[in-house]
Every structure is written in structure tokens, then in C-alpha cells.
Amino acid sequence: MNKKEFQKYVTQDFHNINKSFFTQIEIYKEFLQKYNQNINLTRLDSNDKIYADYFYESIIPYKQINFDNIVSFLDIGSGSGIPGVVLKLLYPHLQLTIIESNNKKCIFLKALSKILKIQIKILNQRAEDIKENQREYYDLVTSRAVAMLPIILEISLPYLKIDGICVEPKSLSAEKESKDINKIISALGCRLESTNQFTSINEKKHFLFIIKKIYKTNKKYPRNWQQIIKGFW
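Thresholds applied
Residues numbered from 1 in each chain as written. Predicted model: local features only at pLDDT ≥ 70, side-chain atom pairs only at ≥ 80, totals over all residues. Heavy atoms only, no water. Helix = DSSP H or I, 4+ residues; strand = E, 2+ residues; numbered from the N terminus. Rg over C-alpha atoms; globule rule 2.2 N^0.38 Å. Buried < 20%, exposed > 50% of the residue type's maximum accessible area, 1.4 Å probe, protein only. Contact = heavy atoms within 4.5 Å. Areas by Shrake-Rupley, 256 points an atom, 1.4 Å probe, with all protein chains shown as cover. Lys, Arg positive; Asp, Glu negative; His and termini not counted. Charge placed at Lys NZ, Arg CZ, Asp CG, Glu CD. Arc of directions from axis to C-beta. Polar contact = N/O pair within 3.5 Å; in protein donor to acceptor, adjacent residues only side chain to side chain. Core = buried A, V, L, I, M, F, W, Y, C linked by side-chain atoms within 4.5 Å. Salt bridge = Lys/Arg side-chain N within 4 Å of Asp/Glu carboxyl O. Axes fitted to C-alpha atoms, helices over the stretch in contact; angles between N-to-C directions. Left-handed = near helix turned anticlockwise from the far one by under 90°. Nonpolar A, V, L, I, M, F, W, Y, C, P; charged D, E, K, R; others polar. Pairing = 2+ DSSP bridges. Right-handed = clockwise from strand over helix to strand, strands pointing away.

Trainee: Looking at this structure, I do not really get the overall build of the protein. What am I missing?
Mentor: What the protein contains, in helices and strands, is 9 helices and 7 strands. Relative to the compact-globule value of 17 Å for 233 residues, the protein shows a C-alpha radius of gyration of 17 Å, a close match. On the principal axes, the C-alpha backbone points of the protein span a range of 45 × 35 × 30 Å. The proportion of buried residues among the 233 residues of the protein is 55%. Pairs at least 24 residues apart make up 68% of the contacts formed inside the protein by residues separated by at least 6 positions. With an accessible surface of roughly 11,700 Å², the protein has 47% of that area assigned to carbon and sulfur atoms. Placing the 35 positive and 24 negative side-chain charges of the protein at their respective mean positions leaves the two points 4 Å apart.

Right, dumping it as C-alpha cells:
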């Protein structure tokens, strides 16, 4: 996917996007490529791969989400900024918080936010180490390729405010990961709104789980990491 193709597909798939989006994306791309020469952030370093497999691939799952009434937005494990920063550039009104446990990536994200002249709250912490003032705070919580579905849901849903939504894109392995998922979601105070399939730029099919917060999550969740990986029940 070249630059013109990227612009075409984004314009087709997303509406009312920020007018300066494509200018900022170019700044993002060039900064990422330069930074990547010294610190390995991604294997996708050619222009075509960054446009297709990095930027566009990361935001495809969100094209059906109406961001008009979403303000507080949490991206868990954003790494080098996807999808959180790209969505922030699309919709500047979003108040983006990124939780990233890797300090080197946090340093990159802080530098990136300065280059792009955008405000992002970057928290260098493990997401399961939730603070009291972070509970039930965000309108939208998401993550990309962080952990298996039961694990990431236990970590993510306590951050979600009542009536907020959690958006979790997953590969086809989600068919195995989603066993007993309704019981887990219910125990965390939420409801599964939809499970949809979408096709990525490489023509592979993926699942998209959209979950709504109904009532407050019990404060015993999320548990510590060793308990989480042993299983929910």
C-alpha cells in the first residue's frame, strides 16, 4: 500500500477525520523510521509496510465505532503507538491514555507526542496494577495483540466506566480463546454486545469483540499476574 492508497482507504473507511491527519501521519512515519534505526520498535520499516501493515491494519477494527461521544480513551500495551496514537490523530478530541510497561517504548511515545504536538497521558506501569482513580474511568478501552482474550478482558474491563465500551480485535485463535467468555464478561460487570468478523489488509479474517460495561467491576479484579495466567475460575 503506497501513500495515495493509504489516503484513499482511510478516507473511505473513516468519516469526519481531522484535516491535518495525513500530514501528521507523515511526521509519525518518518520519526518512527528514524528512531527504529537505533532502537528496534517494529519490523515494518518500509513505507508500504508502515502504511498497510502498521497504520491501516491497526485501525481497521475501529471503522465501525462512532467516536463522536467518546472522550476518555485507554490503549493498553500500545507499544510504539498503535492503534491509540493513530486514532488520536484521526479524532483529536480523544483524551488518550496509554499504559505501556516497556520503559523504552514509553520514552519513544513521549518523544512522538512532542513531535506531533499532541497531548497523551503515558503511564509506565503494568496494566493489572490498576490505581483506584483509574477504575471505571474510560469511555473506551482497547488493546492490540497484548494477551489471550480472557486475560486481557480481566485486565481491561475494570478501567471501563459504566456504559463505556471495550473493543478487542483478535485473530482467528479467538474461537478457542472465547470459551466461557460470557461468564467471564458477566463476572466483570459487563455484557457482550457483539462478536463480528472483519477482514484485514492481508485478506485474513479476524474477530472483533465489543463489550459494554453494565455495573462496577468487583475490586478483587484484576488479580495479580500469576493468578490471571492460571485462569479465570
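Trainee: Looking at this structure, how should I read helix α1 (residues 3–13)?
Mentor: Three- or four-residue spacings in an α-helix give side chains the same orientation, since the helix completes a turn every 3.6 residues. Restricting attention to buried positions, one finds in α1 the residues Phe6, Val10 and Asp13. Looking straight down α1, one finds that the buried residues subtend no more than 75° of arc, so they occupy a single side. Close packing links the buried residues of α1 with α2 (21–36), α3 (47–59) and α4 (84–90). Regarding α1, its N-cap is Asn2, as a side-chain oxygen of that residue lies 3.2 Å from the backbone nitrogen of Lys4 further along.

Trainee: I would appreciate a short explanation of the nonpolar core in the present structure.
Mentor: In a soluble, globular protein the nonpolar side chains are often hidden away together inside. Ranked by size, the top nonpolar core spans 49 residues in total, and within it Phe6, Val10, Phe21, Tyr28 and Val85 carry the most contacts. At the level of secondary structure, the elements contributing two or more residues to this core comprise α1, α2, α3, α4, β2 (95–99), α5 (103–116), β5 (160–170) and β7 (205–213). Beyond its immediate chain neighbours, meaning those up to four positions away, Tyr28 contacts Tyr54, Phe55, Ser80, Gly81, Ile82, Val85, Val86, Leu89, Leu112 and Leu116.

Trainee: Just to check I follow, could you spell out the pattern of salt bridges for this structure?
Mentor: Two side chains that carry opposite charge are able to pair once their charged atoms sit near each other. Considering all chains together, one arrives at 7 salt bridges under this definition. With a shortest N-O distance of 4.0 Å, Asp53 and Lys49 are connected by a salt bridge. Here the residue Asp53 and the residue Lys49 both occupy positions in helix α3, the gap between them amounting to 4 residues, near one helical turn.

Trainee: Just to check I follow, could you spell out the environment of Ser171 for this structure?
Mentor: As for its placement among the helices and strands, Ser171 is situated in the loop between β5 and α7 (174–177). Through-space distance from the C-alpha of Ser171 to that of Ile130 is 26 Å; in sequence the pair is 41 residues apart. Not counting chain neighbours up to four residues away, the residues in contact with Ser171 comprise His206 and Phe207.

Trainee: Mind showing me how you'd approach the packing of α2 against α5 here?
Mentor: Helix packing geometry: the angle between the two helix axes and the distance between the axes. As a packed pair, α2 and α5 sit with axes 10 Å apart at the nearest point and diverge in direction by 145°. Read as a crossing pair, α2 and α5 show a hand that is right-handed. Only Ile107, Phe108, Ala111, Leu112, Ile115 and Leu116 of α5 make contact with α2, whose side of the interface consists of Gln24, Ile27, Tyr28, Phe31, Leu32 and Tyr35. Residues that form the contact of α2 with α5 fall into these classes: 11 nonpolar, 1 polar and no charged.

Trainee: Explanation requested: unusual backbone geometry in the structure shown.
Mentor: What you tend to see is this: most non-glycine residues have negative phi, and most peptide bonds are trans. Residue Pro83 follows Ile82 across a cis peptide bond; omega there is 0°. Relative to the helices and strands, Pro83 is located in the loop between β1 (72–76) and α4. A positive phi is found at Asn16, a non-glycine position, where the angle reads about 55°. Here Asn16 falls in the exposed class, since its relative accessible area comes to 72%.

Trainee: What should I look at first to understand the pairing of β2 in this one?
Mentor: Each regular strand shows side chains that alternate between the opposite faces of the sheet. When you tally the buried positions in β2, you get 4 out of 5 residues, the bulk of the element. Relative to β2, β1 runs parallel, the two sharing 5 bridges. Looking at the pairing, Phe73 lines up with Leu96 of β2. Handedness of the crossover is the feature at issue here: the chain leaves β1, passes through α4, returns alongside β2, and the resulting connection is right-handed. Across 3 bridges, β2 lies against strand β3 (residues 121–123) in parallel orientation. Looking at the pairing, Ile98 lines up with Ile122 of β3. Taken together, β2, α5 and β3 form a β-α-β motif whose crossover is right-handed.

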